Amino acid sequence: MANLHPNSGDPKVTYEYRRKKHAEEMRMQVITFTMMIFFTVIAFAAVGAGFSKWFIVPFVLLLAVVQVIFQLYYFMHMSHKGHEAPQLFMYSGVIVGFVTILAFVTIIWW
Amino acid sequence: MAAEQKFTPQTWPESPEQATLEGKNKFLGFWFFLGGETVLFASLFATYLALKDSVPSDTHAKAADLFELPLVFLMTMLLLTSSLTSVFAMYHMKNYNFKKMQQWLFITVALGLGFLGCEIYEFNHYYHEFEHKFTSSAFGSAFYTLVGFHGGHVVFGLSWIIALMIRNAKRGLTLYNAPKFYLASLYWHFIDVVWVFIFTVVYLMGMVG
Amino acid sequence: MSTIAHTQKRGFAGTVWEYLTTVDHKKIAILYLLAGGFFFIVGGIEAMMIRIQLAVPNNDFVSAGLFNEIITMHGTTMIFLAAMPLLFAFMNAVMPLQIGARDVAFPFINALGFWLFFFGGLFLNLSWFLGGAPDAGWTSYASLSLASEGHGIDFYALGLQISGFGTLMGGINFLVTIINMRAPGMTYMRMPLFTWTTFVASALILFAFPPLTVGLFMLIFDRMFGSGFFDVAMGGNTIIWEHFFWIFGHPEVYILVLPAFGIFSEIFPTFARKRLFGYSSMVFATVLIGFLGFMVWAHHMFTTGLGPIANAIFAVATMAIAVPTGIKIFNWILTIWGGSIKFTVPMLYAVAFIPSFVMGGVTGVMQAAAPADYQFHDSYFIVAHFHYVIVGGIVLGLLGGAHFYWPLMFGTMLSEKLGKVTFVLFLIGFHLTFFIQHFLGLMGMPRRVWTFLPGQGLDSGNLISSIGAAFMAVGVIIFLVNVVITQVKNVQVGRDPWEDGRTLEWSLPSPTPYYNFKQLPLVRGLDPYWIEKMEGKTEMTPAEPVGDIHMPNNSFVPFVISLGLFIAAFGAMYHADEGKDWAIPVLIIGMIVTFGAMLYRSIKDDHGYHIHKEELLDESGKGGAV
Ligand code: HEM
Ligand SMILES: [Cu+2]
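Residues numbered from 1 in each chain as written. Chains lettered and ligands numbered in written order. Predicted model: local features only at pLDDT ≥ 70, side-chain atom pairs only at ≥ 80, totals over all residues. Heavy atoms only, no water.

**Looking at the overall build of chain B**
Here is step 1: Within chain B one finds six helices and zero strands.
Here is step 2: Along chain B, helices and strands appear, N-terminal first, in the series α-α-α-α-α-α.
Here is step 3: In terms of overall dimensions, chain B has C-alpha extents of about 65 × 30 × 25 Å along its principal axes.
Here is step 4: The 209 residues of chain B split such that 67% are buried.
Here is step 5: Looking at chain B as shown, the accessible area adds up to about 6,900 Å², and 65% of this sits on carbon and sulfur atoms. (Helix = DSSP H or I, 4+ residues; strand = E, 2+ residues; numbered from the N terminus. Buried < 20%, exposed > 50% of the residue type's maximum accessible area, 1.4 Å probe, protein only. Areas by Shrake-Rupley, 256 points an atom, 1.4 Å probe, with all protein chains shown as cover.)

**Structural notes on the interface of chain C and chain A**
Here is step 1: Each partner contributes to the interface: chain C provides 21 residues, whereas chain A provides 14 residues.
Here is step 2: When chain C packs against chain A, close to 1,400 Å² is buried across both sides, 87% of that on carbon and sulfur atoms.
Here is step 3: In this assembly, chain C and chain A are joined by zero salt bridges.
Here is step 4: Across the chain C-chain A interface, the total number found is zero residue pairs in polar contact (both at pLDDT 80 or more).
Here is step 5: Put simply, the parts of the chain that give the side of chain C that touches chain A at least two residues each are α7 (152-180), α8 (193-224), α9 (239-272) and α11 (308-336) of chain C. (Contact = heavy atoms within 4.5 Å. Buried area = accessible area lost by both parts, 1.4 Å probe. Salt bridge = Lys/Arg side-chain N within 4 Å of Asp/Glu carboxyl O. Polar contact = N/O pair within 3.5 Å; in protein donor to acceptor, adjacent residues only side chain to side chain.)

**Here's the deal with a nonpolar patch on the surface**
Residues and elements named next belong to chain C.
Here is step 1: A contiguous nonpolar patch, built from V56, V424, I428, L463, I467 and F471 and spanning about 460 Å² of accessible area, is present on the exposed surface.
Here is step 2: Elements that contribute at least two residues to the nonpolar patch include exactly α15 (416-442) and α16 (459-489).
Here is step 3: Sort the elements by how many residues they give to the nonpolar patch and α16 lands first, with three residues.
Here is step 4: With respect to the element layout, I467 can be found in helix α16. (Patch = residues over 30% accessible without salt bridge, like charges linked within 9 Å, V, L, I, M, F, W, Y side chains within 5 Å.)

**Some details on the coordination of the copper ion (ligand 2)**
All names here are of chain C.
Here is step 1: Taken together, H250 (ND1), H299 (NE2) and H300 (NE2) make up the full set of protein donors to the copper ion (ligand 2), lying 1.8 to 2.0 Å away.
Here is step 2: Sequence spacing of the donor residues for the copper ion (ligand 2), all on one chain, is H-x48-H-H.
Here is step 3: The metal-metal distance between the copper ion (ligand 2) and the iron atom of ligand 1 is 4.4 Å. With a gap of 50 residues between them, H250 in helix α9 and H300 in the loop between α10 (279-292) and α11 connect regions that are remote in the sequence. (Donors = N, O, S within 2.8 Å, 3.2 Å for Na, K, Ca; no water.)

**Description of the pattern of salt bridges**
Residue and element names in this part refer to chain C.
Here is step 1: Tallied over the full model, the rule gives 22 salt bridges over all chains.
Here is step 2: For R524, the salt bridge goes to E532, with nearest N and O atoms at 3.0 Å.
Here is step 3: With a relative accessible area of 35%, R524 lands in the partly exposed category.
Here is step 4: A relative accessible area of 1% places E532 in the buried class.
Here is step 5: By sharing partners, the salt bridges in this structure join R524, E532, E535 and K537 into a single network.

**Quick notes on the coordination of the iron atom of ligand 1**
Here is step 1: Exactly one protein atom donates to the iron atom of ligand 1; that atom is C:H385 (NE2), 2.3 Å from the metal.
Here is step 2: Tracing the chain through its elements places C:H385 in helix α14 (residues 380-410).

**Side note on the nonpolar core**
Here is step 1: If you look at the biggest cluster of nonpolar residues, it comprises 294 residues, and the most contacted ones within it are B:F32, B:F143 and B:Y203.
Here is step 2: With near-sequence residues (within four places) excluded, B:F143 lies in contact with B:Y48, B:F67, B:E122, B:F123, B:Y126, B:H132, B:G148, B:V202 and B:Y203.
Here is step 3: Formed by 12 residues, the second largest nonpolar core is a distinct cluster that contains C:I70, C:M445, C:F452 and C:L458. (Core = buried A, V, L, I, M, F, W, Y, C linked by side-chain atoms within 4.5 Å.)

**Side note on unusual backbone geometry**
All names here are of chain C.
Here is step 1: Here the bond from S510 into P511 is cis, since omega is -5°, no more than 30 degrees from zero.
Here is step 2: With respect to the helices and strands, the residue P511 is situated in the loop between α16 and α17 (528-534).
Here is step 3: Phi at S140 takes a positive value of approximately 50°, unusual for a residue other than glycine.
Here is step 4: Along the chain, the position of S140 falls in the loop between α5 (107-126) and α6 (142-147).
Here is step 5: Looking at S140, the relative accessible area reads 1%, which means it is buried.
Here is step 6: If you check the backbone angles, N490 has positive phi at about 50° while not being a glycine.
Here is step 7: Classification of N490 as partly exposed rests on a relative accessible area of 40%.

**As for the site of ligand 1**
Residue and element names in this part refer to chain C.
Here is step 1: Ligand 1 sits among 20 residues. The nearest are Q367, D373, H377, H385 and R447.
Here is step 2: Between ligand 1 and R447 there is a distance of 2.5 Å, counted from an oxygen atom to a side-chain nitrogen or oxygen.
Here is step 3: Those elements that provide at least two residues to the shell around ligand 1 are α9, α12 (345-368) and α14.
Here is step 4: Partitioning the shell around ligand 1 into residue classes produces 11 nonpolar, seven polar and two charged. (Near = heavy atom within 4 Å. Nonpolar A, V, L, I, M, F, W, Y, C, P; charged D, E, K, R; others polar.)

**Some remarks on the environment of C:I239**
Here is step 1: Its location among the elements puts C:I239 in helix α9.
Here is step 2: Between the alpha carbons of C:I239 and C:I52 there is a distance of 34 Å; along the sequence they are 187 residues apart.

**Quick notes on the interface of chain A and chain B**
Here is step 1: Across the boundary between the two partners, chain A contributes 52 residues, which contact 56 residues of chain B.
Here is step 2: Buried area between chain A and chain B, both sides added, is near 4,800 Å², and the carbon and sulfur share of it is 78%.
Here is step 3: Taken together, the links from chain A to chain B amount to two salt bridges.
Here is step 4: Among the ionic pairs, A:R18 bridges to B:E14, the shortest N-O distance being 3.8 Å.
Here is step 5: Elements that contribute at least two residues to the side of chain A that touches chain B include exactly α1 (11-48), α2 (53-75) and α3 (84-106) of chain A.

**Focus: the side chain of B:S185**
Residue and element names in this part refer to chain B.
Here is step 1: Mapped onto the elements of the fold, S185 is located in helix α6 (residues 178-207).
Here is step 2: Relative accessible area serves as the criterion here: at 4%, S185 is assigned to the buried category.
Here is step 3: Those residues in contact with S185 that lie beyond four places of it in its chain are S86 and M90.

**Details of the packing of aromatic side chains**
All names here are of chain C.
Here is step 1: Enumeration over the complete set of coordinates arrives at 95 aromatic pairs over all chains.
Here is step 2: Ring centres of Y388 and F430 lie 4.9 Å apart, and the angle between their planes is 50°; on these two criteria the pair is classed as tilted. Taken together, the residues span a long stretch of sequence, with Y388 in helix α14 and F430 in helix α15 at a distance of 42 residues. Per residue, the accessibility class of Y388 equals that of F430, and both read buried.
Here is step 3: Residues F430 and F434 carry aromatic rings whose centres are separated by 5.8 Å and whose planes lie at 55° to one another, so their mutual orientation is tilted. Placement of both F430 and F434 in helix α15 is noted, with a separation of four residues, approximately one turn of the helix. (Phe/Tyr/Trp six-rings, centres within 6.5 Å; stacked < 30°, edge-to-face > 60°.)

**What about the side chain of C:N553?**
Here is step 1: Following the sequence through the fold, C:N553 ends up in the loop between β1 (549-551) and α18 (557-574).
Here is step 2: Engagement of the side chain of C:N553 in a polar contact is seen with the side chain of C:D606, the distance being 3.0 Å.

**Things to note about α18(C)**
Here is step 1: Counted at 1.5 Å a residue, the expected span for α18(C) with its 18 residues is 26 Å, and the 26 Å between its end C-alpha atoms agrees.
Here is step 2: The element α18(C) is extensively covered by neighbouring structure, given that 15 of its 18 residues are classed as buried. (Expected span 1.5 Å × (residues − 1).)

**Overview of α3(A)**
Here is step 1: In a regular helix each residue adds 1.5 Å, so 23 residues correspond to 33 Å; α3(A) covers 33 Å between its end C-alpha atoms and thus fits that length.
Here is step 2: Taken together, the buried positions of α3(A) are occupied by A:A85, A:P86, A:F89, A:M90, A:G93, A:V96, A:G97, A:T100, A:A103 and A:F104.
Here is step 3: Buried-residue contacts for α3(A) involve α2 of chain A, α1 (21-51) and α6 of chain B together with α7, α8 and α9 of chain C.

**Here we look at the confidence of the model for chain C**
Residues and elements named next belong to chain C.
Here is step 1: Taken over all residues, the pLDDT of chain C has a mean of 94, while the share at 70 or more is 97%.
Here is step 2: Taken as a whole, residues 1-7 scores under 50 in pLDDT and shows 12 contacts with residues more than four places along the chain or in a different chain.
Here is step 3: Across residues 621-626, confidence stays below pLDDT 50; counting only partners more than four residues off in sequence or on other chains, it has 12 contacts. (pLDDT = per-residue confidence, 0-100.)

**A word on the packing of α8(C) against α10(C)**
All names here are of chain C.
Here is step 1: Axis separation between α8 and α10 bottoms out at 10 Å; the angle between their running directions is 15°. By the criterion of interaxial angle, the relationship of α8 to α10 is roughly parallel. Seen from above, α8 lies across α10 with right-handed handedness. Contact residues: L193, W196, T197, V200 and L204 in α8; Y279, M282, V283, T286, V287 and G290 in α10. (Axes fitted to C-alpha atoms, helices over the stretch in contact; angles between N-to-C directions. Parallel < 35°, antiparallel > 145°, perpendicular 65-115°, else oblique. Left-handed = near helix turned anticlockwise from the far one by under 90°.)

**Quick word on the environment of B:T108**
Residue and element names in this part refer to chain B.
Here is step 1: For T108, the position within the fold is in helix α4 (residues 98-130).
Here is step 2: Residue T108 is classed as buried on the basis of its relative accessible area, which comes to 1%.
Here is step 3: Taking the C-alpha atoms as reference, T108 lies 9.1 Å from I161; in sequence the two are 53 residues apart.

Shown next, in the form of structure tokens:
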């Protein structure tokens, strides 16, 4: 139980290697965050600028989807190994949810 | 007992949240739970979209009359930033740096409380200025239910994180509590995911009618 | 804190306490079986009252209002409180053993799931004594349910909400168990079909229950907290409830029928003594049914006025489900084909299931044709259809499964002779009751009707139907007698009581040790125990040396968490009544109990305990290795 590193040779080396990997990952996270803020600002700006509704609605929805993908894959580490089952179930949930929303905006009209 | 074992940064495993079987199970189970939550919120969004601006008479306020972008923008920034700070906390968790993890969690909680304060102000404002109530129209019911369920998740998430921080303040990180911290942070990110759709679908799309 | 606590004989109070706090999946299975069986009898009594009322025209055995309450409670009880928990009983009892696991992934959550279900069901049924039961049908369509007076519908909404949380937790627990806890060598494509159907049904639970949760919350808010989701005067829309109910409701019918399919898929190969025909296509069909199950809900709403395009899409999708179902039917038939068949009681149920269920499937496809459904809808034809799938599929599966798994759960064998009597009476009664209802429906008898007039050609059909119901009742009573006799005699059977067991659960000594597997078994293919037996062995080859086994501690917290919600529900229900100032405090107290217990669970460490190697080695002296 003492050593659970996946491919641990010299613990010192793997330790430093891991520290570095974590730090690199952290840089990625900050970049992700910057992009998310950027998308958010654009979305708010598009509405604030008063473009046509036909442009704004798909545009902000697209930005939201991209932003959420960032959040899921980087912040929540879904891009890492060992997330196959979470992915399967998140996608299934998204499909069921999408069909529900689609039905509610199309066949509930009166 | 294995779960109580003391570690050093060197011996701390690469994925502490999944180093034990309990951890693995919790990890998977919690993700599945989030899959179910996705459907739950999708159902709430669906209802909101079906009932948006559906009010009994023209004297009732509609979405475009109510919302104000600056406040929503502020709330969005608070929550997005708190998502990043909880990533920082997990970064230190993986490096076995308990103190820094607690500090970042503290900041996360503070930001979350800020968000909650804004939301309370917002609801209060709608209620008194616009007579926009849970019981005044179907639109009101749908709005407060969707945004309120999210707010309820924020409250629960904050309580959870605070409870974990206090409970473990003295004993530091173990393989027993690492999964708990990890799941709480996943939950917090999920709250943020939902908010992204709320500010887009409810507020931004609400502004353009 | 170890084996001693488990092997000791305890008094009655000790046994009760053990069951109130147990986290052992085998004991939770028994709890589910008892509670589900109890509700099955309650629902059955309600069914008998319906059939007595409808036996002759112009009857007034019960009043019209009471009749509405009875049919509502019959449907709700049977689906949520009988069929689901009984299937959960088998899933708990069998699935972990089938995959070679020592336990489920979340023993604590497993217990919590049971107690939530139990308190939800209790709450719902207390409505009988506290001012009247719900009366808007098990579907509780919103305009009707908002108009219903008294607290009946409140009991429905709150009770189902509580028990629904329990079901959701059970589903997640099974999913993680199947993914993470399989024994070495137990690959996905070696999992027994009952495990597979448990898996898919659990995934359906995960995605189908949230829409129900949302719908129920809206009903609760509308009725008790003044919101306007379904209230047209406030801008609401009553159709929203219908959608949520059926987005949940159609997957729900597959949540019920898939595990029953799974039970039959275990019974056929065992007693045909032949491996399941087309294993991989069975798995594929199960997954496909699960997927399509989410795309068809609006076939319950054809007459709502969704429009021709929506109706057409949902009609085609519905018909498509018949394809994977057909695959399964043919695979079962081909499993029996050329086998060396033993007609035990479980096998009888399995064989009778095929034609019975096919008849329900055929009427299902008829109803899927939207224009034709305008004729069938809300008539007794629908009642016939869903009873053919529910009784002909699920209940036959439950009865067959009860006989089949009885030795696994209790170490005793139900009498085959009495079993056959039950089988014959029940099968005859079932077809007698429901076959004629197709024609009653086509002749215009509406569903959920309190009584009918003489001389409209409905008299003899209804009488026949009621006589059939009596047959079923007698069959069930004989089954209960069988249970009592068997348990009183208490003749213990040994390992592999059916002699033809194929899967891991039969490789264990009887009664199953509380840690299940002393050494995890090595799985070398589909039907692993059969493989070993064919090589002349009587036990599985172990995959590990004997070592310490980690076990979870019992806990009373699941009971307390559920009790808190039960208390809170009374507060929520009565707070709008005049002069009931105690209601809000009760709501708050209940919530404090629940969240307090959750907090306690969260901050109080619980590492479980270990059974030591030496104790395990000791025990093997007393018979029962592996
Ligand atoms: C497999 C197990 C099945 C179960 C447990 C089941 C159960 C039910 C239930 C309870 C209803 C009643 C709805 C109401 O309240 O009006 C129903 C209706 C219906 N079922 Fe099934 N069903 C099953 C299979 C099928 C299949 C295989 C099909 C088609 C291929 C089907 C098609 C329909 C349709 C179209 C209706 C709506 C009829 C109407 O309301 O007018 N069902 N089913
Ligand atoms: Cu259906």
